Amino acid sequence: MLRLTGEQRKLLAEKFPDIGNMVAVALVFGQLLGRDPFSPKVAVIGFCAWAGCMVTAVRLVKRKP
């Protein structure tokens, strides 16, 4: 199991929302700019990935050393 220091957890907790936002932009809003028709399935996957990144960030912050 990977053991992280407090500083490492804090850094990861700051970066996970950024990753989640990039995934949401790519999978949800990126469809609006593309030529293919909008896919609700891909949008739901994008939203779930975004939510997963946010939950991971919160769990990293709340975790005790």
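Let me begin by describing the structure that accompanies this report.

1. A short note on the overall build of the protein
Check the secondary structure of the protein and you find two helices and zero strands. A compact globule built from 65 residues would reach a C-alpha radius of gyration of about 11 Å, whereas the protein, at 15 Å, exceeds it by more than 25%. In terms of overall dimensions, the protein has a C-alpha envelope of 45 × 20 × 15 Å along the principal axes. Burial status across the protein gives 17% buried among its 65 residues.

2. Description of helix α2 (residues 40-62)
For α2, which comprises 23 residues, the first-to-last C-alpha distance of 33 Å matches the rise-based estimate of 33 Å (1.5 Å per residue) to within 8%. Of the surrounding secondary structure, the elements contacted by the buried residues of α2 are α1 (6-33).

3. Quick notes on the state of the cysteines
Covalent bonding between the sulfur atoms of two cysteines defines a disulfide. All told, the structure shown has zero disulfides when counted by the stated rule. Not engaged in a disulfide, the cysteine Cys48 finds its nearest cysteine sulfur in Cys53; these two sulfurs lie 11 Å apart. The partly exposed category is assigned to Cys48, whose relative accessible area is 48%.

Reading the values: the criteria
- Residues numbered from 1 in each chain as written.
- Predicted model: local features only at pLDDT ≥ 70, side-chain atom pairs only at ≥ 80, totals over all residues.
- Heavy atoms only, no water.
- Helix = DSSP H or I, 4+ residues; strand = E, 2+ residues; numbered from the N terminus.
- Rg over C-alpha atoms; globule rule 2.2 N^0.38 Å.
- Buried < 20%, exposed > 50% of the residue type's maximum accessible area, 1.4 Å probe, protein only.
- Expected span 1.5 Å × (residues − 1).
- Contact = heavy atoms within 4.5 Å.
- Disulfide = S-S within 2.5 Å.

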